[in-house]
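Examination of the molecular architecture
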Amino acid sequence: MSNTATTTGSGAADLADVSRDDSSLRRFLHGLPGVDQVGAEARAASLATRSIKTTAKVWAIDTAISMVDLTTLEGNDTQGKVRALCMKAARPDPSDASAPSVAAVCVYPDLVGTAVAALAGTGVQVASVATAFPSGRASLATKLVDVAEAVNAGATEIDMVIDRGAFLSGRYLQVFDEIVAVKRACGTAHLKVILETGELVTLDSVRRASWLALLAGGDFIKTSTGKISPAATPPVALVMLQAVRDFAARTGSVRGVKLAGGIRTTKEAVRYLVMVNEVAGDRWLSADKFRFGASTLLNDLLQQRHKLATGAYDGPDYVSID
Amino acid sequence: MPGKAKTSASSATAKVPGRRGAATGAVAQPAARLAVRKTYKLYIGGAFPRSESGRTYPVTAADGRLLAHAAQASRKDLRDAVTAARKAFGGWSGATAYNRGQVLYRIAEMLEGRREQFIAEVGDSEGSSSAEASAQVDATIDRWVWCAGWTDKYAQIAGGTNPVAGPYFNFSIPEPSGVVGIVAPQDSSLLGFTSVVAPAIATGNTCVVIASSSRPLPAVSLAEALATSDLPGGVINLLTGSVSELSPWLASHRDVNCLDLTGVARAERGDLAVAAADSVKRVYAPDALDLAADPGTGRLAAFVETKTVWHPLGV
Amino acid sequence: MTTFPYAPAPESRDIARLKPSYGIFVNGEFRDGRGQSVKTINPATEEPLAEVSEAAAADVDDAVAAARAAQEGSWSRVTPAERAKYLFRIARAVAERGRELAVLETLDNGKPIRESRDVDIPTAAAHFFYYAGWADKLGYAGFGPSPRPIGVAGQVIPWNFPLLMAAWKIAPALATGNTVVLKPAETTPLTALTLAEIIAECDLPPGVVNILPGGPEVGQAIVDHPGVDKIAFTGSTAVGKQIQKSVALSGKRLSLELGGKAANIVFDDAPIDQAVEGIVNGIFFNQGHVCCAGSRLLVQESIHDEVVAALQQRLQTLRLGDPLDKNTDIGAINSAAQLARVRALADAGDAEGAVRWSPECALPERGFWFPPTIFTGVSQANRIAREEIFGPVLSVLTFRTPQEAVDKANNTPYGLSAGIWTEKGSRILWMANKLRAGVVWANTFNRFDPTSPFGGYQESGFGREGGRHGLEAYLAR
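Our subject in this report is the structure included herewith.

A few words on the overall build of chain B. Within chain B, the secondary structure is distributed over 11 helices and 10 strands. Over its C-alpha atoms chain B spans a radius of gyration of 21 Å, differing by no more than 12% from the 20 Å that the globule rule assigns to 315 residues. Projected onto its principal axes, the C-alpha coordinates of chain B cover approximately 90 × 40 × 30 Å. By the burial criterion, 51% of the 315 residues in chain B qualify as buried. For chain B, long-range pairs separated by at least 24 residues make up 75% of all intrachain contacts whose partners lie at least 6 apart in sequence.

A few words now on the interface of chain B and chain C. Facing the 27 residues of chain B at the interface are 34 residues of chain C. Those elements that place two or more of their residues in the side of chain B that touches chain C are strand S4 (168-176), helix H10 (266-277) and strand S10 (304-312) of chain B. Per-element tally for the side of chain B that touches chain C: the top contributor is S10(B), with 8 residues. Partitioned by chemical class, the residues of the side of chain B that touches chain C number 12 nonpolar, 11 polar and 4 charged.

A few words on the interface of chain B and chain A. Of the residues lining the interface, 5 residues belong to chain B; the matching set on chain A comes to 5 residues. In the side of chain B that touches chain A, the residues fall into 4 nonpolar, 1 polar and no charged.

Residue and element names in this part refer to chain B. Between its terminal C-alpha atoms helix H4 (residues 115-126) stretches 16 Å, which fits the 16 Å expected from 12 residues at 1.5 Å a residue. In terms of burial, H4 is a largely internal element, 10 of the 12 residues being buried. For H4, the full list of buried residues reads Gln117, Phe118, Ile119, Ala120, Glu121, Val122, Gly123, Asp124, Ser125 and Glu126. Gly127 sits one or two positions beyond H4 and adopts a positive phi of about 70 degrees.

As a further point, take the pairing of strand S1 (residues 68-71) of chain A. Residues and elements named next belong to chain A. Side chains of S1 alternate between two faces, with Val68 and Leu70 and Asp69 and Thr71 buried alike. Strand direction decides the pairing type here: S1 and strand S8 (residues 290-294), joined by 3 bridges, are parallel. Within S8, the residue paired with Asp69 across the bridge is Gly293. Of the pairings in the sheet, the one linking S1 to strand S2 (residues 104-107) comprises 3 bridges and is parallel in character. Bridge pairing in S2 links Thr71 to Cys106.

Turning our eyes to something else, we now look at the sheet that holds strand S15 (residues 393-399) of chain C. Read from one edge to the other, the open sheet built from 10 strands follows the order S3(B)-S4(B)-S10(B)-S17(C)-S16(C)-S11(C)-S12(C)-S15(C)-S14(C)-S13(C), with strand pairing classed as mixed. Each edge of the open sheet carries a strand with a single partner, namely strand S3 (160-161) of chain B together with strand S13 (355-357) of chain C.

Moving on to the environment of Thr83(B). Relative to the assigned elements, Thr83(B) resides in helix H2 (residues 75-94). Note: C-alpha distance between Thr83(B) and Cys258(B) (175 residues apart in sequence) is 15 Å.

Residues and elements named next belong to chain C. Counting buried positions over the 5 residues of strand S9 (residues 230-234) gives 5, a clear majority of the element. Side chains of S9 alternate between two faces, with Lys230, Ala232 and Thr234 and Ile231 and Phe233 buried alike. Judged from the 4 bridges that link them, strand S6 (residues 152-156) and S9 form a sheet pairing that is parallel. Bridging from a neighbouring strand, Ala153 pairs with Lys230 of S9. Strand direction decides the pairing type here: S9 and strand S10 (residues 253-257), joined by 5 bridges, are parallel. Residue Phe233 lies in a different strand from S10, and its bridge partner there is Leu256.

All names here are of chain B. Between helix H9 (residues 243-252) and H10, the least distance of the axes is 7 Å, while the angle of their chain directions is 30 degrees. In terms of their interaxial angle, H9 and H10 are classed as roughly parallel. Only Leu272, Ala275 and Ala276 of H10 make contact with H9, whose side of the interface consists of Ser247, Pro248, Ala251 and Ser252. Within the contact of H9 with H10, the residues separate by chemical class into 5 nonpolar, 2 polar and no charged.

Residue and element names in this part refer to chain A. Running from N to C, helix H2 (residues 22-31) and helix H9 (residues 172-186) point in directions that differ by 95 degrees, and their axes come no closer than 8 Å. Our classification of the angle between H2 and H9 gives roughly perpendicular. In contact with Asp22, Leu25, Arg26 and Leu29 of H2, H9 contributes Tyr172, Leu173 and Phe176. Broken down by class, the residue content of the contact of H2 with H9 amounts to 5 nonpolar, no polar and 2 charged.

The subject of this paragraph is the sheet that holds strand S7 (residues 256-260) of chain A. Residues and elements named next belong to chain A. Around the barrel, which closes on itself, the 8 strands sit in the order S1-S2-S3-S4-S5-S6-S7-S8 with parallel pairing between neighbours. Strand-to-strand, the axes of this sheet are offset by a mean angle of 25 degrees, without reference to chain direction. In the sheet, strand S5 (residues 190-194) pairs with strand S6 (residues 220-222) via 3 bridges, with the strands oriented parallel. What sits directly across from Lys192, in S6, is Phe220.

What counts and how
Residues numbered from 1 in each chain as written. Chains lettered and ligands numbered in written order. Predicted model: local features only at pLDDT ≥ 70, side-chain atom pairs only at ≥ 80, totals over all residues. Helix = DSSP H or I, 4+ residues; strand = E, 2+ residues; numbered from the N terminus. Rg over C-alpha atoms; globule rule 2.2 N^0.38 Å. Buried ≥ 20, exposed ≤ 12 C-beta atoms within 10 Å, placed from the backbone. Contact = placed C-beta atoms within 7 Å. Nonpolar A, V, L, I, M, F, W, Y, C, P; charged D, E, K, R; others polar. Expected span 1.5 Å × (residues − 1). Pairing = 2+ DSSP bridges. Axes fitted to C-alpha atoms, helices over the stretch in contact; angles between N-to-C directions. Parallel < 35°, antiparallel > 145°, perpendicular 65-115°, else oblique.

Okay, here's the thing in structure tokens:
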């Protein structure tokens, strides 16, 4: 991942002051251009009509695989399941070494150590959700302990959740300060800030939350926990990609976007890559700057990869279940 | 004729108590009071100018008596009238429909008060009996009332929402086309005039009207009533004179949006319609004007544009 | 070198079922016209697509006679409810052969398959479906208790939306009980002739719809024909005026849908990303060959630079090229003549001191192409701010106050459409009220729907197409 977003609240000089106090932050966030929902949806739908075939599809599938944060976030997760997931992350297609490994494995903090051991030397990152995932309903102190444990266990990426209650009630500075504190607790680990857009409801809120997270120093902004529906949707992804694009144009700092929840098919993943390409630009077309948080998506990508390689449609028995 | 008291101003004398019958010329009485005659002028931008050309033309009654010398408008008067109509358009079209309705009703009130004057003038102009003339005047007043009622209803019957297949709210409304050039009917001097003018302004247009060439006087008197009602100057601009001289200038004027050829004989409409095409005017040329029939909404519809507005429905 | 190059994704040309030759459709039969034989070409490649034998004046006579006979005979005996069912049939058949029509349209017109497939053809089918339902409900339409057809409608349509314009013309005419003689544009006759085939397959009585490919002289013959009761024309204002003159002496009913020079007005509180999409869609949809195109961008001075920069960035993602490629956004200019006109007006923009900008994009060597182009520094007096270019050329002007925006927007003899972008509701309605245009898109642009009346103020024409209002132009007064 990039090192551009190293300082808390980094950005151009004109943004330095916006987090001075609650009213400055509110003024800034509410001064961002509005998002017309219908227009955003129409744009997202129009991008979805791109036809990605043959060589473009081959490239898109491998790129998508390399962007997957292979995730398991269940109460009944076991060390064995995490180890199996790590095997698959490092070598998604045992029969074809040319298939790229995924970007990261994403687990709860108590399983970070297991994943770190299993992935040693593979280059696959270990990501951990933290900060009282998924609800975020805990004291800041508890959240920071949660983060510290994951980092100490070897997680190189932390996926935090914002306090949606605070955000929706307009306590922006509280959310900002919390992200700043978590970022500090991350040390060198990269921070992905989960906005839980399904709870923010409007695209205006998604835009404001995106900027808030970017201003506070998040390396990535991430749509969802995967525990709330709707999770990642094309219009939400559009608005978040616009946010990182505009943030980069204004500050020079290129931050990432992670879409999580509900993306299960190659077709959807490829459409999102088209969106990344045309909305944010090709600087974002790498695992450094764009991720899919997913579990079942990987198998569909692999099946489509088989299809392109062999010309025959694949079946679910030819990929491993998690 | 000169020397006789019965002139176009006869209704004014008739209204004076004790003067009734003065015109019969009883020998032993003191000389009858000399009536004050009216100068019939144009009505442009709320003012009553003479023609800039200085021209007038004699207007006679049906029986050949001279009624007055009316102003004979020139193309420059017409140009000024169009300018006045355009200037008034923003205010009149922007007024609330309720306000326009009140103004039109006020016109009816003003006419009711001058009912006797108009009966006399219409009778003189058209050679009709007093009963016929009063029927015309009554119908005229009632037509203004009818149109007054339309101002805030027409948009409701001509407009509406359109259920488009998408997340949009979409509605259509009629809006006035702009400046309407009207050639008023040649025969019906007051009711005909009202029947073409009132619907045009009811929807918010302003107009330039060429009155009946041979029977212009009731229209000029109507303009005097308009000036004392609350109608803003320039909403109705009245020209008297030669239809054949003026109408080509009206038809070709590029700042006139619509052309109503009701008062032009069918054989003469073609050239005017051709001239109107140069600025894509809406041309309205009905076969006949049946003043006794229900006027319908045709004239309201003739000079409006449908505007359709789209807006997304989102949160 | 882009990171993610899209591989070519061409739609199959075979789907169009192109025939070597096409003729005229009169009285239910296809035959050769007695006019000249012309080759219709693919404007993207300049390759001939098919031979079309055009109509001559004698064919117009035949078509009008057939339409008259049908109007007074077979078609008048069809009950309104059955008339509706014929139109529903056509709607379904157009949808059924949608892909074929889309490919054919793209070949003949040069527009991207994405647009013909997603806009032109589905909207054409929807138009028939909408008006079908009116056929037996006309008494409720507000045009009197027992509405009557006018008679024979002569219809002349343009090349920018060939099938869609045919649907816009034919559907309301038939729903109201008229019969039709329609002339498609000379450069784009193929989908109208395929529609004729569909109409024949739907078993409409012969003569109800007659299609006569041909040039301006065929159009003039229809306009002048004494057997025609109503003329409906969509095309340039210059030709519209000529037609209005032609019918002035005849008493024929007339509706005109002419040119435009729409202002797309962007305020500083607009949803900028959607406004940029609206601007792009407004002027580059269909290569700007759209009468209601948002060809004048009026942007509030304080956000001029920001909007232009965003627009330039967006234009770099537009894909110009093979119209059959499913990823193409900008197709070919329809004809050499139109390309010459677009070039001449763009050159006038240069000469008048406006600043021209286009994204880097390679134009194909063959065919008629013009890159998406933005002129900044345009003044209200420039030709590119006043004349309809009918091409992918946007003129950018600025304003400071809402009143100035209204004044500039209305400062044109046209009045077809306008766009407003602002998040302030009361301003939207104030602007919508002041703008002298038949269609006002607020926070959107270039949306069309069969239920939504379309048509202009002033020199953009008169009469409305679409919706309940669209019936009026085909009903006797």
